[in-house]
Amino acid sequence: EDDFQFICCEGCRQESPNLKLLTCFHTLCLSCLSQNKAVGQCPVCHAAILEAGGISDVDNLLFTNLQARLKVYKKIVDGVNLLCDSCKQTSELWCFECKELLCTRCSRAHQRYLKGHETKRVVDVKAGSAKDFLDGIRRNSNLSCSNPTHKSQTVSIYCQRCAKALCCSCALLDSQHAPFCDIRSETQRRQQELGTIGRQLRRSRSGFQAASEALRAEAARLEEAQREMRELIRQRVEQLVGLIRREEEELLGLVAARQEQGRGRLARELRRVEGVLRRLEAGERLVEKMGLYGTEQEVMDMQPFIKGSLQELQQLQPPAAEERAQPGDFSECRARLQAL
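These numbers come from a predicted model, not from an experiment.

### What to know about the nonpolar core
Inference 1: Among the nonpolar cores identified, the biggest contains 57 residues, and F4, L62, I76, W94, F133, I306 and L310 are the most heavily contacted of them.
Inference 2: With eleven residues, helix 8 (residues 245–293) is the largest single contributor of residues to this core.
Inference 3: Excluding residues within four positions of it along the chain, L310 makes contact with F25, L194, I197, L201, G283 and V287.
Inference 4: Listed in part, the eleven residues of the second largest apolar core include M229, V237, L251 and L337.

### Section: the packing of aromatic side chains
Inference 1: For the structure shown, the criterion picks out five aromatic pairs.
Inference 2: With a centroid separation of 6.0 Å and 40 degrees between ring planes, the pair formed by F4 and F6 is classed as tilted.
Inference 3: Aromatic side chains F4 and Y293 sit 5.7 Å apart centroid to centroid with 55 degrees between the ring planes, which places their arrangement in the tilted category. Of this pair, F4 sits in the segment before strand 1 (19–22) while Y293 is found in helix 8, placing the two residues 289 residues apart along the sequence. Each member of the pair F4 and Y293 is classed as buried.
Inference 4: A network of ring pairs unites the aromatic residues F4, F6, F63 and Y293 as a single cluster.
Inference 5: K289 extends its terminal NZ or CZ atom over the ring of F6, reaching a point 4.6 Å from the ring centre.

### Here we look at the confidence of the model for the protein chain
A low pLDDT score tells you not to read the predicted coordinates there in detail.
Inference 1: Here the protein chain averages 81 in pLDDT, while 86% of its residues score no lower than 70.
Inference 2: Taken element by element, the predicted model of the protein chain shows its lowest mean pLDDT in helix 6 (residues 168–173) (68) and its highest in strand 2 (residues 27–29) (91).

### Observations concerning the environment of D85
Inference 1: Within the element layout of this structure, D85 appears in the loop between helix 2 (61–78) and strand 4 (93–95).
Inference 2: For D85, a relative accessible area of 37% translates into the label partly exposed.
Inference 3: For the pair D85 and K99, spaced 14 residues apart in the sequence, the C-alpha separation amounts to 9.7 Å.
Inference 4: The contact partners of D85, leaving out residues within four places of it in the chain, are E100 and L101.

### Structural notes on the environment of D124
Inference 1: On the secondary structure map, D124 appears in helix 4 (residues 122–127).
Inference 2: Residue classification places D124 among the partly exposed positions, given a relative accessible area of 30%.

### Some thoughts on the UniProt feature "domain: RING-type" (unreviewed entry) in the protein chain
Inference 1: Per the UniProt record, the feature "domain: RING-type" (unreviewed entry) sits at residues 9–46.
Inference 2: As a span, residues 9–46 carries 26% helix and 18% strand, and end to end its C-alpha atoms are 16 Å apart.

### Looking at the sheet that holds strand 5 (residues 100–102)
Inference 1: Pairing within the open sheet is antiparallel, and its three strands lie in the order 5-4-6. Each end of this open sheet is capped by a strand with a single partner; those strands are strand 5 and strand 6 (119–121). Mean inter-strand twist for the sheet, computed between neighbouring axes without regard to direction, equals 30 degrees.
Inference 2: Here strand 4 pairs with strand 5 via three bridges, running antiparallel. Residue pairing for strand 5: L93 is matched across the bridge by L102.

What counts and how
Residues numbered from 1 in each chain as written. Predicted model: local features only at pLDDT ≥ 70, side-chain atom pairs only at ≥ 80, totals over all residues. Heavy atoms only, no water. Core = buried A, V, L, I, M, F, W, Y, C linked by side-chain atoms within 4.5 Å. Buried < 20%, exposed > 50% of the residue type's maximum accessible area, 1.4 Å probe, protein only. Helix = DSSP H or I, 4+ residues; strand = E, 2+ residues; numbered from the N terminus. Contact = heavy atoms within 4.5 Å. Phe/Tyr/Trp six-rings, centres within 6.5 Å; stacked < 30°, edge-to-face > 60°. Lys NZ or Arg CZ within 6 Å of the ring centre and 35° of its normal. pLDDT = per-residue confidence, 0-100. UniProt positions renumbered as here; feature names shortened; annotations may be inferred. Pairing = 2+ DSSP bridges. Axes fitted to C-alpha atoms, helices over the stretch in contact; angles between N-to-C directions.

Written as structure tokens, this is what we have:
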């Protein structure tokens, strides 16, 4: 189960049938999304919940469908109420294409009328892993025609003009559809496109990691400078007991204010950079999971949204060294100490 924790809501860590993918590539259930839309920020990376291409979120079909498939796998492994979906007798086989349990008698009719469907014995499914089960469903999943009246038709054509999967009937009868290409070629092209962007994101992430480390180092230097200044102030003030006690308190307050200002700036920059890092990681992870588990239908449905969000993310750049917030300035404190 640890291998599939990624399909849970990243807010409450619970499974949900209504998962939404944000433009920052984090996934929330409807409950967590409604709570955080009021705040206007993703609870994971603090990115603004903005609209990309007019859509603030999209159904995460990949994760939602994986949840449903894994529930079927768990039902088979647990061996509870494994009845034939046709006659309700004890099932012996599982059809990956129909996604149904079959008894021996029904499987013979199934093989007679639906030749070519991949079936597997229930005992073999139990012996295999969840990944094997998901891979079988993925291999045997077919795209559905964009025309709702042709759902049963085999889809093998992609219309480049309207960017939809078509059956042969649509392609032949509707002259508006052209030019065409093979649907598998288009699916592979989209998967490769996501893979290319994912590799570019990995290269971009190194820049943000360096910026994060630099900001952390500057924050540490700020803390050290603050500690050193406080100690120096105490040493000097102790030599002038009585007369300059009020000056001591003023200097300590000034140092605290300078330190707080610097810390606040650095914290904001660090939070922004780390938020982008989380988005980069989430984007890479989603592209990876889409490549491992995404069906052609899911690639066709989700790729444009994911691609748009990935391209927006590619535009982000880590802050240059000269743009970063500088540690607090203690020159005024030093000048007043020198005057004392």
